[in-house]
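Structural overview for review
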Amino acid sequence: AKLHPIYSALDSRQYGRALKLLSNLQMQMQMQTTNKHKHKHKHKNQHSSTAILIALQAHALERQGKHGDALVLVQSILPSHCFSHREVLHFLATTCSPPTKSDGLATHTDTNTTNTATTTTTHSTTKQLKGKKSKGKKQANTPSPAAAAAAAAAASTVPAVTTLELDLIDRLDGLAVDQTKNDETTTLVSVPGTPKHTITNETVLATIGVTLKALQLHQTLYQMYHVASEQLMTQHNSSSGNQSNKNVEHVASVLKECFLNGLRWAALVNANTNTNTNTNTNNDVDVTNNGSMTHLYEDEHEHEHEHNNDVDVTNNGSMTHLYEALQSTALPLARLTGDPLHFIWCAQTALWHYESLGAAELSPDNNGDDTTTSTTTVTSTTTTTTTTSLKRSMLPRLAESLSSRVVAGETTNGSSESSLFVPLAQDCLVYFKSLEVQSKWHELLQALDDLTDKASRSSSSSSSTSDGQVVETCKEVQGEEDLKIGLTRRQRLEYKTHVLFRDLERYHPACALFHELILESHDQWSYWLGYLECLLLSSSNESGHGAGTSMEQALSTCTELALEIQAQYRNEGGGESTNTNMNTSTSMIRTKHPPRAAHLILVEVAAVRVRGGVPTHAPSPISFRHDPPSANTDATQTQNGDSVHTTSTTTTGTERTLLREALVQYGTLFAPLAACTFSDIRQYLVLLADGDGGALEDKRHEEIVALLEWTKTSLFQGAASKQALRCTTASVQIIFCIMAQLSSNTNNSNTNSNNQELYNEVEAKYMPTLNELLNVWKDSLSLGGTVKAEDGGQKEIQPGDELAILIVQYLLHRDARNAEDGDSNSLWMAACLLEKALAHSPYNPHLKLVCLYIYSRLGAASKSLELYKELGVKQIQLDSCPFVILDVLRKGGLYSDVIEICSSIVKLHYATAKDVGEFCTRAMENGNLSKAEEFIQFQRSNMRESLTLLWGKGLIMDCAPLVYNYNNDYGSALSTTKVEAHAKVLGAMHGLCGCDEDMDRATNMINEVNTHCGAPNIVSIAATATGKDKTRVSDNRDFSMLSYEILHKQSHPTTDAIIHESMRRGMVHGLLLRAVLCVDAARGPKKGKPSKSSDGLIKVCKSMLVHMDRSQEFSSTDSRGDIAHGPLLQAMIKLCRVLVVVSCGLPKDDGAVDTFALRESQSVELLQDVSKLITETQSKVHFRNEATHLSRRVEDICELLPDYLVSLFGLVEMTGKLFALMSWGKRKQHTKAAPSALAGVAKALGTWVHSMRDVLLTSFPSMASVEEAMTAAAASQDDGLSCEYFSQMFDTRIIQTVMESRQETRNRVLPFLHHMVDTLD
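One structure accompanies this document, and this report is about it. These numbers were taken from a predicted model, which means no experiment stands behind them.

**Observations regarding the packing of aromatic side chains**
Tallying each qualifying case throughout the model produces 13 aromatic pairs. Note on Phe259 and Trp345: the rings are 4.8 Å apart at their centroids and 5 degrees apart in plane angle, and the pair reads as stacked. One end of the pair, Phe259, is in helix 11 (residues 245-266); the other, Trp345, is in helix 14 (residues 340-361), with 86 residues separating them in the sequence. With respect to burial, Phe259 and Trp345 carry one shared label: buried.

**Here's the deal with the packing of helix 9 (residues 202-214) against helix 11**
For the pair helix 9 and helix 11, interaxial distance at closest approach is 11 Å and the crossing angle is 15 degrees. Here helix 9 is positioned roughly parallel relative to helix 11, judged by the angle of their axes. As for how helix 9 packs across helix 11, the hand of that crossing is left-handed. Across the interface between the two elements, Glu202, Leu205 and Lys213 of helix 9 pack against His250, Ser253, Val254, Asn261 and Arg264 of helix 11.

**What about the pattern of salt bridges?**
Following the criterion strictly, the structure yields 36 salt bridges and no others. A salt bridge links Lys213 to Glu918, with the nearest nitrogen and oxygen atoms 3.7 Å apart. Of this pair, Lys213 sits in helix 9 while Glu918 sits in helix 35 (residues 895-925); the two residues are 705 residues apart in sequence, bridging distant segments of the chain. Owing to a relative accessible area of 27%, Glu918 belongs among the partly exposed residues under this scheme. Taken together, the shared-partner salt bridges in this structure form one network comprising Asp887, Arg890, Asp958, Glu1061, Arg1064, Arg1065, Glu1199 and Asp1203.

**Digging into unusual backbone geometry**
The phi dihedral of Ser439 is positive, around 60 degrees, even though this residue is not glycine. Among the secondary structure elements, Ser439 is positioned in the loop between helix 16 (425-437) and helix 17 (441-458). One non-glycine residue, Ser1223, lies in positive phi territory at about 65 degrees. Position of Ser1223 among the secondary structure elements: in the loop between helix 45 (1190-1221) and helix 46 (1233-1257). According to the relative accessible area criterion, Ser1223 is partly exposed, its value standing at 38%.

**Considerations on the nonpolar core**
Residues Leu659, Ile854, Leu1201 and Leu1245 are the most contacted members of the largest nonpolar core, which totals 221 residues. When residues of this core are assigned to their parent elements, the largest contribution, 16 residues, is made by helix 45. When neighbours within four sequence positions are excluded, Leu1201 is seen to be in contact with Tyr895, Leu962, Val1206, Val1309, Phe1312, Leu1313 and Met1316. Judged by nonpolar contacts, the second largest core, of 90 residues, contains Ile199, Leu255, Leu322 and Ala399.

**Thoughts on helix 41 (residues 1055-1081)**
Between its first and last C-alpha atoms helix 41 spans 39 Å; for 27 residues at 1.5 Å apiece the expected length is 39 Å, and the two agree. Here helix 41 lies mainly inside the structure; 24 of its 27 residues are buried.

**Things to note about the packing of helix 10 (residues 218-238) against helix 13 (residues 320-337)**
Where helix 10 meets helix 13, the axes come as close as 12 Å, and the angle between the chain directions of the two elements is 40 degrees. Of the possible angle classes, the one that applies to helix 10 and helix 13 is oblique. Seen from above, helix 10 lies across helix 13 with left-handed handedness. Contacts between helix 10 and helix 13 involve Tyr222, His226, Met233 and His236 on the former and, on the latter, Leu322, Ala325, Leu326, Thr329, Pro332 and Leu336.

**As for the side chain of Asn844**
As for its position among the elements, Asn844 is in the loop between helix 30 (825-840) and helix 31 (845-857). A relative accessible area of 5% means that Asn844 is categorised as buried. When sequence neighbours within four positions are dropped, the list of residues in contact with Asn844 reads Ile797, Asp801 and Leu838.

The rules we used
- Residues numbered from 1 in each chain as written.
- Predicted model: local features only at pLDDT ≥ 70, side-chain atom pairs only at ≥ 80, totals over all residues.
- Heavy atoms only, no water.
- Phe/Tyr/Trp six-rings, centres within 6.5 Å; stacked < 30°, edge-to-face > 60°.
- Helix = DSSP H or I, 4+ residues; strand = E, 2+ residues; numbered from the N terminus.
- Buried < 20%, exposed > 50% of the residue type's maximum accessible area, 1.4 Å probe, protein only.
- Axes fitted to C-alpha atoms, helices over the stretch in contact; angles between N-to-C directions.
- Parallel < 35°, antiparallel > 145°, perpendicular 65-115°, else oblique.
- Left-handed = near helix turned anticlockwise from the far one by under 90°.
- Contact = heavy atoms within 4.5 Å.
- Salt bridge = Lys/Arg side-chain N within 4 Å of Asp/Glu carboxyl O.
- Core = buried A, V, L, I, M, F, W, Y, C linked by side-chain atoms within 4.5 Å.
- Expected span 1.5 Å × (residues − 1).

See the structure below:
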């Protein structure tokens, strides 16, 4: 009752009022503690009351945004061993205010963590004590011990971390957390009278848990419940069964919360963190592991990593310790409650524990050879390995024992519920998995048979769904009113087929099961592929027949089944069949259209003959379980789905004839019916057109011509109807596919001339003209809806949209073959056509994607951005789709928009990491264990290791200095050389570029270095790179949305290229951050001599030297064709070395005395090398080359500016600041060698930037000249486009849009170049 007003204030978000009420209540409790009539046995309840008040105070403070104060209060009531030291230190590093300076180095003393709790807790309490007095009574001013401890914690001026100095350079190198993470005695908060006992009150734990969740301290939250559950279990076990039901429920509730919070934490842990980063000697790059630089300081900390009191899953073999702890929590929970769901939890965690132990055994640390290892260490390792192997062998048996009881329906007393009991599907899957990992295949098959028998017996007494799902009332599981669904008959067949086919390799019974599955679902393509592959493998194992005969028998068997199903469909959908098994299912036969899979399998049979008996690899038949893709997939997939199967078996020309005939039959039947006909046969068209340059080249030529003759005479039917339009579209797609394959085959010297001749023949004889295609597209407009969506019509696409995209494909392909660059007439024609198509079909995403690409080719980045925004990319699409626009914006100088999109990517990953734990725990509570595991794997393997996230981090760091408050008028003014306001544009808001705000910005960046979703994390990621692009990333880009590309395919950065560029960006910004710290820590001379270097400066310089060596190694790697990569990165490294030389000096082997003259001579030599490197790069990058189109040169400048020039400019500015500190300013460049050499660097860089500015100031072609060129091209007969029709499509607004977009690019980029030129001059 006393807490009701407080809860009401919190619910109404009146947090200040809640704090006042809490202070009043604390004051009343202080009075009660001094009352001599209170009983001593009330002390425990008194502590619980105090704890709940402090927990509510922490919650209110967290809601007010005072996170540091909230953490202090939580630490005041929880024992220190409840906290994850790494997590709390990381929290302090990322949420505290900027550090103060100490000894020339920024050191975090945390004297003011966001807002001190003094003003919110102690001051309010004091005010109540002094200001309000009850009538007639004297208030007591003596607080209780617990309240005094909380007040002391809140009012203490002692920092939250009392014994640590969190140097910025240590944070940057990853050492700040490592120095104390294994110190069991470290107290994070100095609190007098901190309670030593564990909080076990469920309400207090839940209240603290809300605060810890909001603070993102998930590991601490789990450890708090873990400690509480251990305490409660100890008390429960010592009570010898005398506990009441209420106490048992309380223990079970805490155990359940402990398990779910541990599972929430498991979802957020990196899947590939298998080894301790402090002892990692593996040189492979792990982009998801925040590798530390601890090995650089082994002499200082070699004995600090021996013990760890945290359940710290980030520093041991995968998730082993956490899963072991979860298993030890789930087992007593299941024993207490007897709930089958909790038994399944325990079985599932045992399997996860088993898998994590296997991952730990495969980690690099277990494979290394160290000849210097002592005998004791070897013996200890052997013992540990034996224990781990024994434990790993027992875990599946434990999972089997627990899950088998649940599947059998056994209760806690060992009896069985009913012979009709049908277990839940999720319970069965856990049981099957426990048998799989033990290779108990026969037991698994027996379990499936028993399950089928149970389902058959219960079908008469239980209700069944339309697809055969048995619905069982499970009173013992979730209550009388809840209905639970078991495995369906089809799912059981799929599982049994998978075991026989993939695991036991028993192909004959597997074929029979595939046959049964096909009869149930004729259009399930995976069934047909599995059936065919199983038949081929079965026939290859038979003896007494030749390989060719066995293969033909298998192919004939598959063909007979396909023909029989086709005949069954033709007999009015469900007539009599010669096969009695056909009567088992007719639901799929009675369909409107013929089953595609039954016809497509005939094409696959013909393709198997061409490949020499190699079928398309069949996926797993289990449709309800998401297994990872098989590593031995036989197809070579491209970005857009083309695949080619190679074989060494020699084939004859008959096989290609059969393949062509099968393609013709399939296309004739389905081209009028389905728009997906081409995607069905695409890989087979590639196989038919693929040539080996052998004796059968003439036969291949003949079959290709025959296929194209069919497409021209039979498929190209115009647009009289939707069916005719589908045929025409399929005809053009087939022709384009053949042309694309012939074009790619020209790389083979044996068939180059033949393919070229055949390509020319196809283009001249079978390719429709542009006029014909445009006329068909124009006629197709009448086939779509006539009512616009804004007028109440449907948001449908036009039937002819696909044909419009094919026309654009041909225009782009013609440009590529003619090696046309820049504003080719084909690009303008394509833009006009696409704008017309979008006017009729404004909701077609493929049209927008093609149009986006065309405008990017024309240099209209802002128009491309507009189209991208119209696509409405959101949620998970932010991780799979931005690859189509990021490079376009960067090349168009729209750096602010690059950061906006990359920030949305970062926000997505932050939100996903925050939500996945909740989704996972909900799934576990609902018994959907497979979905919970899917959530965990998706977050750890796909999202956390996302390539798009890695890419976005680097782009944010690169583009940050190029953000300012831009508008068109301001941009137009800044683009002129007469305005001086542009001097504040570069680095106006963010980034490191040698400005006065560098130190504050560097501090904020370093605080975010170890935050996974923060952009500065790219610096920590790159710290583990050694120049080898062996990174563990998940490329989540969705290239399937570009499946319309056939004849011309866009080029996108490869995975290796993105990783390489991201590592380079991390290296560069690591240099910049250390350079800022070095300049800030440097001190000027004293009496003409170098001042003594402080410890902070030495530490910074030491870190910079190590990072320079890493960057040097990285710069020597493959530059991916980037001319500027090597020289400019070398120039940055040398400038950083200048900073070290001038500020601290380099040691000399000959023992020379450190003097300014020595430092100056060393720096002059380095600066001269920098000038040469810049001049060398300028000579290679020809921005004034007239052979390159202007738009291409502008793109090169826009790319080079954030990638290299801004960072190089910033280092030059920092060097100038350091020289000024050493009295080597600009005025002494004529008398001192070092300032003169720096002026040479500035001149070389300024000359290069000046030439870039001249390119941007060059005028683009005028609108009139472009219009005149396009009209002339339309009038020429070579283009195949009539002047009359083109004049109807032509729109001057398109040219105007492109010109305005190009001008915006110029206005965005020129101010930065003006700034750099003026500063360097």
